[in-house]
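Chain by chain, the residues:
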Amino acid sequence: MRTTGRRRGHLVLIAVLTAAAWTAPVRSQEGPPPENDATANSLRPGAWAIQFLVEGGSTNIFGVTDLSVKRHLTKRSAVRIGVRVDVNFEDSNSEFDLVFLEAEDEWSEEETKLDSDNLTVLFEALYLGYLRHEGRLSIFAGAGPVTGYLSSSSDRVRTIRYADGSSLVETFTDSDSGWTAGGLGLIGAEYFITKSFSIHTEYRVSLLYQRRTGEESAYREDGGAWDRRYDTAIRTWELDAGIVFVGLNGYF
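Below is a short write-up of the structure. (Residues numbered from 1 in each chain as written. Predicted model: local features only at pLDDT ≥ 70, side-chain atom pairs only at ≥ 80, totals over all residues. Heavy atoms only, no water.)

**Details of the overall build of the protein**
Looking only at helices and strands, one finds one helix and nine strands in the protein. Of the regular secondary structure in the protein, the N- to C-terminal order runs α-β-β-β-β-β-β-β-β-β. (Helix = DSSP H or I, 4+ residues; strand = E, 2+ residues; numbered from the N terminus.)

**A few points about the pattern of salt bridges**
On inspection of all chains with the given rule, the structure shows nine salt bridges. Ionic pairing is found between D66 and R204, a salt bridge with its closest N-O pair at 2.9 Å. A residue pair is termed long-range when its members are at least 10 positions apart, and D66 in strand β2 (residues 64–72) and R204 in strand β8 (residues 197–220) qualify at 138 residues. By the burial criterion, D66 is buried, and R204 matches it. When the shortest N-O distance is used, the salt bridge between K70 and E190 registers 3.8 Å. Within this pair, whereas K70 is found in strand β2, its partner E190 is found in strand β7 (residues 167–194), the two being separated by 120 residues in sequence. Overall, K70 belongs to the buried group, its relative accessible area being 0%. (Salt bridge = Lys/Arg side-chain N within 4 Å of Asp/Glu carboxyl O. Buried < 20%, exposed > 50% of the residue type's maximum accessible area, 1.4 Å probe, protein only.)

**Some points on the nonpolar core**
Among soluble globular proteins, nonpolar side chains are generally buried collectively. If you look at the biggest cluster of nonpolar residues, it comprises 14 residues, and the most contacted ones within it are L43, L126, L128, Y130, V146, L186 and Y251. Top contributing element to this core by residue count: strand β5 (residues 106–132), with four residues. (Core = buried A, V, L, I, M, F, W, Y, C linked by side-chain atoms within 4.5 Å.)

**Description of the packing of aromatic side chains**
Summed over the entire model, instances satisfying the criterion amount to four aromatic pairs. Ring geometry for F192 and Y251: centres 5.3 Å apart, planes at 40°, overall tilted. One end of the pair, F192, is in strand β7; the other, Y251, is in strand β9 (residues 228–251), with 59 residues separating them in the sequence. Note on accessibility: F192 and Y251 belong to one class, buried. Taking the ring centre of F172 as reference, the NZ or CZ of R156 above it sits at 4.2 Å. Here the basic side chain of R204 rests over the ring of F245, its NZ or CZ set 4.1 Å away from the ring centre. (Phe/Tyr/Trp six-rings, centres within 6.5 Å; stacked < 30°, edge-to-face > 60°. Lys NZ or Arg CZ within 6 Å of the ring centre and 35° of its normal.)

**Side note on the environment of S177**
For S177, the location among the structural elements is in strand β7. In this structure the C-alpha to C-alpha distance between S177 and A233, which are 56 residues apart in sequence, comes to 9.8 Å. The contacts of S177, once residues within four sequence positions are left out, are Y149, L150, S151, R211, R212 and T213. (Contact = heavy atoms within 4.5 Å.)

**Quick word on a negative patch on the surface**
Judged by side-chain charge, E90, D91, D115, D117 and D155 come together as a negatively charged surface patch. For the negative patch, the secondary-structure elements that each account for two or more residues are β3 (77–93) and β5. With respect to the element layout, D91 can be found in strand β3. Residue D91 is classed as exposed on the basis of its relative accessible area, which comes to 69%. (Patch = residues over 30% accessible without salt bridge, like charges linked within 9 Å, V, L, I, M, F, W, Y side chains within 5 Å. Areas by Shrake-Rupley, 256 points an atom, 1.4 Å probe, with all protein chains shown as cover. Lys, Arg positive; Asp, Glu negative; His and termini not counted. Charge placed at Lys NZ, Arg CZ, Asp CG, Glu CD.)

**Concerning the environment of V83**
Among the structural elements, V83 can be located in strand β3. With a relative accessible area of 25%, V83 lands in the partly exposed category. Placed 17 residues apart in sequence, V83 and D66 show a C-alpha to C-alpha distance of 5.7 Å. With residues near it in sequence (within four places) discarded, V83 still touches T65, D66, L67, V121, L122 and F123.

**Focus: the side chain of E190**
A relative accessible area of 0% means that E190 is categorised as buried. Separated by 3.5 Å, the side chains of E190 and Y130 make a polar contact. Polar side-chain contacts of E190 include one of 2.7 Å to the side chain of S198. (Polar contact = N/O pair within 3.5 Å; in protein donor to acceptor, adjacent residues only side chain to side chain.)

**With respect to the pairing of β7**
By the bridge criterion, 25 bridges tie strand β6 (residues 137–161) to β7 in an arrangement that is antiparallel. Paired with P145 across the bridge in β7 is G183. In sequence, β6 turns back onto β7 through a hairpin of five residues, with G165 there showing a positive phi of about 95°. Where β7 lies against β8, 24 bridges are found, and the strand directions are antiparallel. (Pairing = 2+ DSSP bridges.)

Written out as structure tokens, the structure is:
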């Protein structure tokens, strides 16, 4: 009886050890190994990313948007090509204000209506260097050339009501278009929510040369020598500093 009991005890012990041996590797494979900082992002050679950015704090109706495609050359470097679109519409109407007209030597009421449209399309080619390429938070800086197209137009209608009840309407119209080219520099930070999805912000500084041509005209409803029309040419350098963009990135 004792021999039979010992044999049964040995068989139970062997069965328990065998079950533990089989279940141990299974339990270790139930979940993926914990993710470390080295695998928390997609900053690797050959990785592609699509980036959508908007200008922070923009008051434009449609705002300023930037759509880019990025390819990583190494963990520390990448090239980014994108297009930036800036669309701004303004439609305002002032109430009648009391003004003094020196030419007529009298007080009168004045109302102004303004309708303006502005479009800027910029093409950017940037080289990016990553100062911290490991972990979820990465720091980067970059620079490159920029070129693009500019256009604007506006119509301003001024209505004057005199003390005797008569009125006068003046119309001012101007439009121009041209091109711009220069350089862009930036510094920013990117945080990976998942390995393939991140959010980022960047601070931009650009120096652009603009060349535009257009025409202006002025018309009064009473006609006369006051009416005029002439061409304009603008050549200028423009420095934009303190532009902040925020955006989303998808890696594949």
